Amino acid sequence: MTKRLGISLSEERIYQTCRTDWPLSKRFAFTVIDDTDGATLENVKPVYELLLALGIHTTKTVWPLVSTETEPEEGSSLENVPYLEWVRAIKRQGVEIGIHGAASRSSDRLRSQESLNRFHSLMGHYPQVYTIHVGQQEGIYWGEDRLSGSARWLYKIIHRLKGHDRAYSGHKSNSPYFWGDICQERITYVRNLVFSDVNTLKMDPAMPYHDPRRPYVRYWFSASDGADVNCFCRLLSASNQDRLLESGGACIVYTHFASGFVENGRLHAEFKRLMERLAGLPGWFVPVSTLLDHLRSRPGWKETADPRYLTRLEWRWLLQKLLTGTS
Ligand SMILES: [Zn+2]
């Protein structure tokens, strides 16, 4: 490793080989994937109004179905008509809509199928992007199954010691929660590892990548950690924005816009200031799948990741997670 939790020389080489020119002579790329946990019209609408006014196009995940397990809701679903109408409106303005699973809790194969059909009938197409939610047993290759070899065993031991013993079986064909084949057929990109560096592409220079050990996912991608408003503002500080610009890299922030970005109807002042600053820089502000499609077209990009690369990526993520608690 060149530095603690930094990237190794091999990754530096891949990063340099796969450097890409951004369209429209832009000098870096930036986008956000918004995890829909806790989202309601009241607590996320002002965020999208700001981003769209600034020309920053991002990806919002949704739950097509309301959960049958929880009361009250853990965030609105597309079964909520005013929320659905708003989601359709921001989609028309350039926000990409992805899914965060079928509903806020576990869904069996039939419900997963129903949710994708519902998404298709409401949006006119299947989602291109999927992020897995911790409360869903149908998660695909999640929990310890995100990792291989000794990293997997270390992860497993730590989680058992912490009393976290969640099982995910969306990729196991003998499970009632199996929908891996449907995911493979319908969905292009699935989010995996999250890093604390603002330059996501530098942490995972091969993304998006296919991992043959996890065939039900066509392509995985990484993200940078902006879990709540404080974390987001630290990640997009003025100095990190400048660093991203100078490096010519790409940042995909993983966040929850329902987590403190709007209080009593008002936008978080620091978040607003930082986004206005960012919008003034020559960045390419497009949704996640547009950014990933572009990365797939760059010279030197390989569809299938080298197993040695994946081992280094997994260890880098695991060590960072143990030290900083990123997801
Ligand atoms: Zn979630």
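First, a word on what this report is: a plain description of the structure on this page. (Residues numbered from 1 in each chain as written. Predicted model: local features only at pLDDT ≥ 70, side-chain atom pairs only at ≥ 80, totals over all residues. Heavy atoms only, no water.)

1. With respect to the pattern of salt bridges
For clarity, the cut-off: Salt bridges, as used here, are contacts in which a Lys or Arg side-chain nitrogen is within 4 Å of a carboxyl oxygen on Asp or Glu. Secondary structure is summarised from DSSP: a helix means a run of H or I of at least four residues, a strand means a run of E of at least two, and numbering begins at the N terminus for each. Under the scheme applied here, a residue whose accessible area is under 20% of the maximum for its type counts as buried, over 50% as exposed, and between as partly exposed, the area being computed with a 1.4 Å probe on protein chains only.
According to the stated counting rule, one finds 20 salt bridges in the structure shown. With a closest N to O distance of 3.1 Å, Lys272 and Glu276 form a salt bridge. Pair noted here: Lys272 and Glu276 are both in helix α10 (residues 269-279), with a separation of four residues, about one helical turn. Two residues, Asp306 and Arg308, come together in a salt bridge whose shortest N-O distance is 2.7 Å. When its relative accessible area of 32% is taken as the criterion, Asp306 is described as partly exposed. In this structure, a network of salt bridges that share partners links the residues Glu144, Asp145, Arg152, Lys156, Arg160 and Lys172.

2. Here we look at the coordination of the zinc ion
Metal coordination angles have textbook ideals: 109.5 degrees for a tetrahedral set of four donors and 90 or 180 degrees for an octahedral set of six. Stated formally: Metal-coordinating donors are taken as N, O and S atoms lying within 2.8 Å of the metal, or within 3.2 Å when the metal is Na, K or Ca; because water is left out, some sites can appear incomplete. Geometry assignment treats four donors as tetrahedral when all angles are between 85 and 135 degrees, treats four as square planar and six as octahedral when opposite donors are over 155 degrees apart and all others between 65 and 115, and treats everything else as irregular.
Only Asp35 (OD), Asp35 (OD), Asp37 (OD), Asp37 (OD), His100 (NE2) and His133 (ND1) from the protein coordinate the zinc ion, and they sit 2.1 to 2.8 Å from it. Metal-centred angles of 48 to 162 degrees between the six donor atoms at the zinc ion mark the site as irregular. Judged by its relative accessible area of 9%, His133 is buried.

3. Structural notes on the layout of surface pockets
To be explicit about the condition: Throughout, the protein atoms alone are placed on a 1 Å grid, and a set of points is a cavity if a 1.4 Å probe fits but cannot get out or a pocket if it is open with protein on both sides within 12 Å along at least five of seven lines; lining residues have an atom within 4 Å of a point. Grid points are joined across faces, edges and corners, and a volume is the space filled by probe spheres set on the points. In the scheme used here, Gly and all other residues not listed as nonpolar or charged are polar, with Ala, Val, Leu, Ile, Met, Phe, Trp, Tyr, Cys and Pro taken as nonpolar and Asp, Glu, Lys and Arg as charged.
When its volume is computed, the largest pocket comes out at roughly 740 Å³. Around the largest pocket, the lining is made up of 34 residues, and of these Val134, Tyr155, His159, Tyr168 and Lys321 lie nearest the centre. Listing elements by their share of the lining of the largest pocket, those giving two or more residues are α5 (149-161) and α12 (307-324). With six residues, α5 is the single largest residue contributor to the lining of the largest pocket. Tallied by class, the residues present in the lining of the largest pocket amount to ten nonpolar, nine polar and 15 charged.

4. Focus on the packing of aromatic side chains
Under the convention used in this document: Each aromatic pair joins two rings of Phe, Tyr and Trp (for Trp, the six-membered one) with centres within 6.5 Å, and gets the label stacked for planes under 30 degrees apart, edge-to-face for over 60, and tilted for any other angle.
Per the stated rule, a full pass over the model turns up 19 aromatic pairs. Ring centres of Phe30 and Phe285 lie 6.2 Å apart, and the angle between their planes is 75 degrees; this geometry places the pair in the edge-to-face category. Of this pair, Phe30 sits in strand β1 (residues 28-34) while Phe285 sits in the loop between β10 (283-284) and α11 (288-296); the two residues are 255 residues apart in sequence, bridging distant segments of the chain. Judged on exposure class, the residue Phe30 and its partner Phe285 are both buried.

5. Re the pairing of strand β5 (residues 189-195)
Using the following cut-off: For two strands to be treated as a pair, DSSP must find no fewer than two bridges joining them.
Along β5, seven of the seven residues are buried, which leaves the element largely enclosed by surrounding structure. Bridge count between strand β4 (residues 129-130) and β5: two bridges; the pairing is parallel. Bridge pairing in β5 places Val129 opposite Tyr189.

6. Quick notes on the nonpolar core
Our working rule: The term nonpolar core refers to a set of buried residues drawn from Ala, Val, Leu, Ile, Met, Phe, Trp, Tyr and Cys, joined through side-chain atoms within 4.5 Å.
Counting 93 residues, the largest nonpolar core has Phe30, Phe232, Phe257 and Phe271 as its most contacted members. Considering every element that reaches this core, the biggest residue donor is helix α2 (residues 41-53), with six residues.

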